[in-house]
Amino acid sequence: MDTTRGASSSSDPAAGEGSWVLTLACSPRLEAIGTSLLVPRGVTLPLGRHHQEFGPDALADRRISREHARLRVDDDGTLVVEDCGSHNGTRLNGRRVSVASLQRDDVLAMGGVVLHVDWDTDSRVTGAVSRLEQELQQVAEHASAVLLCGDAGTGKSWCAQRLHEGFGRSGTLVVIDSALVRDDDVDESLLAPADGGTLVVEGLEGAGPRLQAHLSAVLDHGRTQGPGAIDARVVATSRRTPLTADTGTDAALLARIGRWTMHLAPLAARRHEIPRLAAAIVQQLAGEPIPIRARFMHELLVADYPANVHDLEATLARALHERQPGEPLAAVASAKPRAAPRPPAASGPAFELDGEGRWLSAGEGERAELEHRPVLMRVLAALVTRYAEARGQVLTAEQLIEVAWPDEKLTGRAGINRLYVAISTLRKLGLGQSLERTRSGYRLDPSARIRVSAPGESG
């Protein structure tokens, strides 16, 4: 069965169901860096130097109060941080806050502890193992051949190494760069060192016919085309996404090796992996673990990465070169990463809407009571329910007409005209253009600052 896996892909909170995830980016306990934690609805998560949610002593920084801050997920799915009157404060994207709503890729800092905020629709594995690492382990347990697709620097070589380790074979990892191998030089001796281990073919789209034929033989018969048998796992990489036969790759080989495909997203689309990657790169370059200052980690988390992991490696290498012995790693002028442009924060008035559609309040304006206007109340209640359950999704005109006039059989232009009047009235009462019309229906603007009051709240 063909299986395609999208490595470490996250969606937007506006897209619907999912979970808020916090990743520990800076910690006094270096081995805890990269640990992730789900923030479920209905639970208040305390953050303080003695709390153990990220593991023992992960938040044990002397600049963090015993009860420093707390996190909660509101009924509408908004993640909110509230400082508990801490001495040194809580900072969101470098700015001190008392209470604030969080968005995906925000950076939360308390003393020397830094947390990355993310939203994940696939319930990424939490704890010390990232979702990407778990996916690699699962693939290694089931596949004998894997295709890794992604732009330059997205981590294909690193994933190949992890797959080799996951295969659990006694042999070695052998790497062949298709661009550096002349097809006339390909014979069984080229692949033989991978016997009992893993053969990595980089740039499969550039492999010549002879190399492709040898790969097919290994995959189909456990041997090369010559007399010597080769038992190897095969990992191929490609910058082409998707990799198709129009590149000159044999269709049968592509079908065989592409049954397990992992698409590696750009680093900027999986920033939660940056802390773990940075720690691993620093240890590899320096030969020992070195802490990264909180401010530098903040810069790494929000930086632009046009060359993906290559940019991260270059930034850390320059910082290591300038580092003073015994000091944590800090940004220097030549190593300061370029900040990525952040999407604009939600703007416009803040709305408070009753969950049952009984009233609405926009900005500092007066509250509009709707209980005496049942059609408007039913339309608003339906829109609020859809916003709370699946933010960003629409209700069709037919669905709203059926909700608004349940006892009437309205069809065609008559129903559309009535709905138009109801929508226009709600806009005039304060919703304005935040009550959006799309090609397929109506919705509340997913980027608007909306608070939904639960039943029983007076507002």
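A brief structural summary. Model, not experiment: these values are computed from the prediction.

Observations regarding helix H8 (residues 309-322)
Then step 1. Under the 1.5 Å per step criterion, the end-to-end length of H8 is 20 Å for 14 residues, consistent within 8% with the ideal 20 Å.
Then step 2. Where H8 is buried, its residues touch helix H6 (274-286) and helix H7 (294-302).

So, the pairing of strand E17 (residues 350-354)
Then step 1. Pairing geometry for E17 and strand E22 (residues 449-453), over five bridges, is parallel. Within E22, the position partnered with Phe351 by the bridge is Ile450.
Then step 2. Sheet topology note: the E17/strand E18 (residues 359-362) ladder contains three bridges and is antiparallel. If you follow Glu352 over to E18, its bridge partner there is Ser361.
Then step 3. Counting the residues between successive antiparallel strands, the hairpin from E17 to E18 contains four residues, one of them, Gly357, with a positive phi of roughly 75°.

Some points on the pattern of salt bridges
Then step 1. The full count for this structure, using the stated rule, is 18 salt bridges.
Then step 2. With a shortest N-O distance of 2.8 Å, Arg443 and Glu436 are connected by a salt bridge.

Observations concerning the sheet that holds strand E7 (residues 90-92)
Then step 1. Across the sheet, which stays open at both edges, the six strands sit in the order E3-E2-E11-E10-E7-E8 with antiparallel pairing between neighbours. Of all the strands in the sheet, the pair left with one neighbour each is strand E3 (36-39) and strand E8 (95-97). When strand polarity is set aside, the average angle formed by the axes of neighbouring strands in this sheet is 30°.
Then step 2. Alignment of strand E2 (residues 19-26) against strand E11 (residues 113-120), held across seven bridges, turns out to be antiparallel. For Leu24, the partnering residue across the bridge sits in E11 and is Leu115.

A word on the pairing of strand E15 (residues 233-238)
Then step 1. Burial analysis of E15 places five of its six residues in the buried class, which makes it a mostly covered element.
Then step 2. Where strand E12 (residues 145-149) meets E15, five bridges bridge the pair, whose relative direction is parallel. For Leu147, the partnering residue across the bridge sits in E15 and is Ala236.
Then step 3. Taken together, the four bridges between strand E14 (residues 198-202) and E15 define a ladder with parallel strand orientation. Each bridged residue has a counterpart across the sheet, and for Val200 the counterpart in E15 is Val235.

Focus on the nonpolar core
Then step 1. Membership of the largest hydrophobic core comes to 31 residues, with the highest contact counts inside it found for Leu353, Leu426, Leu431 and Leu444.
Then step 2. Going through the elements one at a time, E17, E18, helix H9 (374-389), helix H10 (397-404), helix H11 (412-431), strand E21 (442-444) and E22 are the ones with two or more residues in this core.
Then step 3. Looking at which element gives the most residues to this core, the answer is H9, with seven residues.
Then step 4. Setting aside residues no more than four positions away along its own chain, Leu444 makes contact with Leu353, Leu383, Val384, Tyr387, Leu431, Ser434, Leu435 and Ile450.

Here we look at the sheet that holds E22
Then step 1. With mixed pairing, the four strands of this open sheet are ordered in space as E19-E18-E17-E22. Here the strands that pair on one side only, and so sit at the sheet edges, are strand E19 (368-369) and E22.

Comments concerning the packing of aromatic side chains
Then step 1. Counting across every chain of the model gives one aromatic pair.
Then step 2. Ring centres of Trp20 and Trp119 lie 5.0 Å apart, and the angle between their planes is 75°; this geometry places the pair in the edge-to-face category. Of the two residues, Trp20 is situated in strand E2 and Trp119 in strand E11; the sequence distance between them amounts to 99 residues. With respect to burial, Trp20 and Trp119 carry one shared label: buried.

Focus: the side chain of His68
Then step 1. With respect to the helices and strands, the residue His68 is situated in the loop between strand E4 (45-47) and strand E5 (69-73).
Then step 2. Engagement of the side chain of His68 in a polar contact is seen with the backbone nitrogen of Ser65, the distance being 3.0 Å.
Then step 3. The contacts of His68, once residues within four sequence positions are left out, are Leu47, Gly48, Arg63, Asp83, Cys84, Ser86, Gly89, Thr90 and Met110.

Definitions and cut-offs
- Residues numbered from 1 in each chain as written.
- Predicted model: local features only at pLDDT ≥ 70, side-chain atom pairs only at ≥ 80, totals over all residues.
- Heavy atoms only, no water.
- Helix = DSSP H or I, 4+ residues; strand = E, 2+ residues; numbered from the N terminus.
- Expected span 1.5 Å × (residues − 1).
- Contact = heavy atoms within 4.5 Å.
- Pairing = 2+ DSSP bridges.
- Salt bridge = Lys/Arg side-chain N within 4 Å of Asp/Glu carboxyl O.
- Axes fitted to C-alpha atoms, helices over the stretch in contact; angles between N-to-C directions.
- Buried < 20%, exposed > 50% of the residue type's maximum accessible area, 1.4 Å probe, protein only.
- Core = buried A, V, L, I, M, F, W, Y, C linked by side-chain atoms within 4.5 Å.
- Phe/Tyr/Trp six-rings, centres within 6.5 Å; stacked < 30°, edge-to-face > 60°.
- Polar contact = N/O pair within 3.5 Å; in protein donor to acceptor, adjacent residues only side chain to side chain.

Distances and angles like these do not, on their own, reveal function.
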